[in-house]
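Residue strings, one per chain:
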Amino acid sequence: METYQLVHPEHLNHYGHLFGGNLLKWVDEQAWIAASIDYPNLLFVTVGMDKVEFKKGVQMGAVLRFDVQKARVGHTSVTYRVDVYNGADIIFSTHVTFVHVDEHGHKKQLPES
């Protein structure tokens, strides 16, 4: 799945670069959207990101590209690789893992594909 995000002034930190928390939020959202498309009508919660390392700063007006690919499927969880690009430069990469839960928040097995 490929999506885009425009960096606005309200996304910047006090140094004029993209605030890392905004990027993490977008990464989580894009991975969750991919999980929701792959597994319609299932409930997912984020359980982790494997690595948080910002490779390059991002300025206002940048159009970021998010490339989200399913990386691993377990019994109750699914993991997506998320690569974020600013033009041709990769600025961030991580794996986001979600666990499937029932309406009470308890882990639940994923359906057979």
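No experiment lies behind these values; they were computed from the predicted model shown.

Draft legend 1. Examining the sheet that holds strand β1 (residues 2-6) more closely. Across the sheet, which stays open at both edges, the five strands sit in the order β1-β3-β4-β5-β2 with antiparallel pairing between neighbours. Of all strands in the sheet, those with a lone pairing partner are β1 and β2 (43-49), marking the two edges. Neighbouring strand axes in the sheet, compared pairwise and without regard to direction, differ in orientation by 30° on average. Where strand β4 (residues 77-86) meets strand β5 (residues 89-101), ten bridges bridge the pair, whose relative direction is antiparallel. Directly across from R81, in β5, lies its bridge partner H95.

Draft legend 2. Focus on the pairing of strand β3 (residues 63-73). Sheet analysis places β1 next to β3, joined by five bridges and oriented antiparallel. When the bridges of β3 are listed, T3 appears paired with F66. In this sheet, β4 lies alongside β3 in antiparallel orientation, the contact comprising nine bridges. If you follow V68 over to β4, its bridge partner there is V82. Linking two consecutive strands that pair antiparallel, namely β3 and β4, is a turn of three residues.

Draft legend 3. Geometry of a nonpolar patch on the surface. Judged by side-chain polarity, Y4, L6 and V63 come together as a nonpolar surface patch covering roughly 280 Å² of accessible area. Note that Y4 resides in strand β1.

Draft legend 4. Looking closely at the packing of aromatic side chains. Tallied over the entire structure, the rule returns four aromatic pairs. Considering the side-chain rings of Y80 and F98, the 6.4 Å spacing of their centres and the 65° angle between planes classify their relative orientation as edge-to-face. In this pair, Y80 is assigned in strand β4 and F98 in strand β5, connecting sequence segments 18 residues apart. For Y80, a relative accessible area of 1% puts it in the buried group. What makes F98 buried here is its relative accessible area of 0%. Among the aromatic residues, those joined into a ring-pair cluster are Y39, F44, Y80 and F98. We note R65 situated over the ring of Y85; from NZ or CZ to the ring centre the distance is 4.1 Å.

Scoring rules and cut-offs
- Residues numbered from 1 in each chain as written.
- Predicted model: local features only at pLDDT ≥ 70, side-chain atom pairs only at ≥ 80, totals over all residues.
- Heavy atoms only, no water.
- Pairing = 2+ DSSP bridges.
- Helix = DSSP H or I, 4+ residues; strand = E, 2+ residues; numbered from the N terminus.
- Axes fitted to C-alpha atoms, helices over the stretch in contact; angles between N-to-C directions.
- Patch = residues over 30% accessible without salt bridge, like charges linked within 9 Å, V, L, I, M, F, W, Y side chains within 5 Å.
- Areas by Shrake-Rupley, 256 points an atom, 1.4 Å probe, with all protein chains shown as cover.
- Salt bridge = Lys/Arg side-chain N within 4 Å of Asp/Glu carboxyl O.
- Phe/Tyr/Trp six-rings, centres within 6.5 Å; stacked < 30°, edge-to-face > 60°.
- Buried < 20%, exposed > 50% of the residue type's maximum accessible area, 1.4 Å probe, protein only.
- Lys NZ or Arg CZ within 6 Å of the ring centre and 35° of its normal.

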